[in-house]
Amino acid sequence: MAILDSKIPSGPIEKKWEKHKFESKLINPANRRKYTVIVVGSGLAGGAAAATLGEQGYNVKCFCYQDSPRRAHSIAAQGGINAAKNYPNDGDSVYRLFYDTVKGGDFRAREANVYRLAEVSSAIIDQCTALGVPFAREYGGLLANRSFGGAQVSRTFYARGQTGQQLLLGAYSALSRQIAAGTVKMFPRSEMLDLVVVDGHAKGIIVRNMITGKIEAHAADTVVLATGGYGNVFYLSTNAKGCNVTAAWRAHKKGAFFANPCYTQIHPTCIPVHGDFQSKLTLMSESLRNDGRVWVPKKKEDCGKHPSEIPEADRDYYLERKYPSFGNLAPRDISSRAAKEACDDGRGVGSTRQSVYLDFADAISRLGENTIRERYGNLFDMYHKITAEDAYKVPMRIFPAVHYTMGGLWVDYNLMSNLPGLHVAGEANFSDHGANRLGASALMQGLSDGYFVLPSTISNYLATQPREASQKVTVDHPEFKKAVAEVEARTNLLLSIKGKRSVDSFHRELGLLLWENCGMARSEESLKKALAQIPVIRDEFWKNVNVLGSANDLNQSLEMAGRVADFLEFAELMCLDALQREESCGGHFRVEHQFPDGEAKRDDEKFAHVAAWEHNTEDVSKSVRHVEPLNYENVHLAVRSYK
Amino acid sequence: MSDTINLTLKVWRQPNASTPGKFVEYPAKNIPTDCSFLEMLDIVNETLVAQNIEPVAFDHDCREGICGMCSLVINGVAHGPEKATTTCQLHMRHFKDGDTVYVEPWRAVAFPLIKDLVVDRTAFERIQQAGGYISARNGSAPDSNSVPIPKQNADCAMDAAACIGCGACVAACPNSSAMLFVSAKVSHLALLPQGQPERTRRAVKMVKTMDAEGFGNCTNYYECEAVCPAEIKSSFISMLNREYVFAAAREAVSEI
Ligand SMILES: Cc1cc2nc3c(=O)[nH]c(=O)nc-3n(C[C@H](O)[C@H](O)[C@H](O)COP(=O)(O)OP(=O)(O)OC[C@H]3O[C@@H](n4cnc5c(N)ncnc54)[C@H](O)[C@@H]3O)c2cc1C
Ligand code: SF4
Ligand code: FES
């Protein structure tokens, strides 16, 4: 199928990336400044890409919706970043990291991409250290490691409980250096609202200046989207409030295929929902599962009791029971589903009965409270701030929450979408995690894409584009004018409805519908129900939403309205994809497809492929499903077992 | 379900920098004590929308206390009454039924107001761009373990690196000084071996930019330390002072 050419280089897997880099076209350093690259997003993927491309000499324009690139949601990652350094000498290798990631993704990721990710992982740690990232160290002065879900080796590097902030500050400092050098121009508080395609190539974007409201056009030789994930389609998630699908969805509507939108990750260790007013969910780093033991009462009658009143014999440490070799470190999808099963079984705890215990008593008696405080002090503090409970004394209560989206815009080995000139990096693309992402692998992927992959592959495209200014597309091109007019019209439309319901009320309604019908467990019936309901909510939105204020200044309701409008379209594609994937794999669990013991049942014969959706301009439900077959030449397809 | 309280809010409203602002009173009714301060504002904003009143604009994003976007002065205190807590992590259980709560933006010359409770903190960006980095070209990094760093130094650098760039220190300071922020940035890199080559240059340039941006002088009030959600210690300010004196002296003899 020519339409989805993944451009995977030939040759043995461990030689592909080297060979590809050698065969990639180069651009003479003196000519690079003649090329403009737009990077939308300043998280690990976008920030690292913009800084590196700037350093290489390209003329970069970088955009983010926050007031500073340092605030991209990568900042919130707590636990750590993987790399196959094998510093602890516990048997790790590039191949093992590659294997674990393919297996963790339930055999739904592209081998060649994953191998490359594992291959560059070590260089990421070195680059971050060189930039001043204060990774945790041992007394001997060497870097410390810890283990994370889905792995039996210690390959996770961390910086207290704020690895994401420290890695992002590293990328941000490199970006700041390039801004000072004049190679990168930064546009904060700018929201991308459309992609501009000229003669079939992505040539620019339309943004709204969030302070003045002005709709601005920017032209470039290529566009990189590094706009993060779409978890906020569920309303409640661990994402920041501003995280959105808008940039990716707008690109999709202009021709970029959306791959595997149904692959969403529900993280097992989050603080449970406690009220209708709740605006977001907070993650407790998965690293807690290194020392915390997950349990629920064996007997339903015990659920209302204080945990200290439930004797050891009456506790069900269900992860240890079901998955003896991985125990509390079983991968996320498996742990989340097990928590849901326990609660569905009526054995959940807390006032809502929608949570399970994560208990540190054993670790505290074994290692002492101080060691636990040193390892997780900030997480315990955060837990205390939110719940007013002291987890050193009573077990934490946790429940799964929407956390990460493996699906995203389809890209080839160069990280270019099917739409020429559009590159996609970080969580916004679909590339490396298959149907489930292992902990500490998103930071790795974002930085791999940004620091190493894109800076090597983007020249392949740029070399095919005109170098001289006179031949380049500018914002005077009619396509730009048209796109600006469309964005302005849409903005004015949102402001003119003046209905009765707030933007937030629609977002909550959609989120709940998806959580119940396209969340941890999905069925044909639930998905059909959601597919029937989404267009109804969408129609009402466009008739009855109330967006106050003006188009010409800071207007947060207007910003949210635009994002919710896009979520309302995207949600339909997500459910459609979930409905058509008649198997269970990773984060996508179809109740019709399970083994008698409740484990997910893949169907490799029919579904060992990527589903990449082509937009239908008339009707989302008529989107066309394309297929990229996944060929496993190195890893043997097997039932994923963590028992 | 948690308990609920009723409050009276006095919220600063100002359409833009060139129009004068004022406090406007809004009731905040039936606020669950388990919700955060920003969720309380969400509830109030929903009631405003229902009355066709434009909702109050305030900055926020992660709502986890790490992105540094939220920025409110609550009853005269930047980020409110709880120690080491950002506005988004402040929970309503710390307020009493019947309280009157004043909500204001960061106020500082170097942080011009944009709208209501939202201010422009890009002065911090320019300080960072002046030297808050290590010039490590991508792809040229040595193995991370080739230079061991004593745990103590790494931990101390980490303490400084924890700054979330929120600007509360500036908002709290009677002089609107940015010394705590700048000292955290300078110290983080000065404490690491990788940061040594540009150490003097960095300190001088960042301090000069800070002055040029209109932040005030530090006269040791230490209000900054009291409000800092990341618990950045004022001892970093002393460290910066030493760095700066040393650096400025070297600059005077034009070594850098
Ligand atoms: C709470 C939490 C904890 C996590 N912990 C870990 C961990 O321990 N280890 C790990 O590996 N992964 C972790 N992850 C996942 C990981 O942090 C993310 O997947 C990753 O950081 C995403 O990086 P990114 O660069 O792709 O996107 P982001 O960091 O989300 O950046 C997106 C950027 O795009 C910009 N943007 C978005 N939309 C627009 C628009 N329309 N217009 C203009 N700009 C836009 C934003 O301003 C931002 O700059 C965690 C995630 C969360 C939510
Ligand atoms: S020093 Fe503290 S108060 Fe100042 S910007 Fe940093 S985190 Fe905020
Ligand atoms: S919203 Fe991110 S720190 Fe408060």
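Remember, predicted model here, so these are calculated numbers, not experimental data.

Is there a simple way to explain the site of ligand 1 in this structure?
All names here are of chain A. The local shell around ligand 1 holds 38 residues, among which Q66, S74, M192, E427 and L443 are the closest. Contact between ligand 1 and Q66: an oxygen atom at 2.5 Å from a side-chain N or O atom of the residue. Protein chains shield 97% of the accessible area of ligand 1, which is 1000 Å² for the free molecule. Listing elements by their share of the shell around ligand 1, those giving two or more residues are helix 3 (44-56), strand 6 (190-198), strand 15 (396-405) and helix 12 (442-462).

Honestly, the domain arrangement of chain A in this entry has me stumped. Any pointers?
Reports of interface size often rely on the accessible area that becomes lost once the parts have come together. Residue and element names in this part refer to chain A. Looking at the assigned domains, one finds that chain A contains domain 1 (266-403) and domain 2 (488-629). Domain 1 and domain 2 are separated by 30 Å when their C-alpha centres are compared. Between domain 1 and domain 2, the residue contacts involve 13 residues of the former and 11 residues of the latter. For the pair domain 1 and domain 2, the summed buried surface comes to about 910 Å²; carbon and sulfur atoms form 59% of the total. Linking domain 1 with domain 2 are 0 salt bridges. Connecting domain 1 to domain 2 are 4 residue pairs in polar contact (both at pLDDT 80 or more). Going through the elements one at a time, helix 9 (332-344) and strand 15 are the ones with two or more residues in the side of domain 1 that touches domain 2. Class assignment of the residues belonging to the side of domain 1 that touches domain 2 gives a composition of 6 nonpolar, 2 polar and 5 charged.

Explain the site of ligand 2 here, please?
Residue and element names in this part refer to chain B. With respect to spatial proximity, 14 residues lie near ligand 2, and among them C163, C166, G167, C169 and C228 are the closest. Elements that contribute at least two residues to the shell around ligand 2 include exactly helix 4 (168-172) and helix 5 (179-190). For the shell around ligand 2, the class distribution of residues is 12 nonpolar, 2 polar and no charged.

Just checking my understanding: could you explain the domain arrangement of chain B for this structure?
All names here are of chain B. Taken domain by domain, chain B consists of domain 1 (4-114) and domain 2 (122-255). With centres defined by C-alpha atoms, the gap from domain 1 to domain 2 works out at 30 Å. Contacts between domain 1 and domain 2 engage 17 residues on the former and 17 residues on the latter. Between domain 1 and domain 2 lies a buried interface of about 1200 Å² when both sides are counted; carbon and sulfur atoms form 66% of it. The largest contributions to the domain 1 side of the interface with domain 2 come from A84, A110 and F111, which together make up 36% of the buried area. In this structure, the connection of domain 1 to domain 2 is made through 1 salt bridge. Measuring nitrogen to oxygen at the nearest pair gives 3.5 Å for the salt bridge that ties E231 to K83. In terms of residue class, the side of domain 1 that touches domain 2 is built from 10 nonpolar, 5 polar and 2 charged.

The rules behind the values
Residues numbered from 1 in each chain as written. Chains lettered and ligands numbered in written order. Predicted model: local features only at pLDDT ≥ 70, side-chain atom pairs only at ≥ 80, totals over all residues. Heavy atoms only, no water. Near = heavy atom within 4 Å. Polar contact = N/O pair within 3.5 Å; in protein donor to acceptor, adjacent residues only side chain to side chain. Areas by Shrake-Rupley, 256 points an atom, 1.4 Å probe, with all protein chains shown as cover. Helix = DSSP H or I, 4+ residues; strand = E, 2+ residues; numbered from the N terminus. Domains from an automatic or database assignment. Contact = heavy atoms within 4.5 Å. Buried area = accessible area lost by both parts, 1.4 Å probe. Salt bridge = Lys/Arg side-chain N within 4 Å of Asp/Glu carboxyl O. Nonpolar A, V, L, I, M, F, W, Y, C, P; charged D, E, K, R; others polar.

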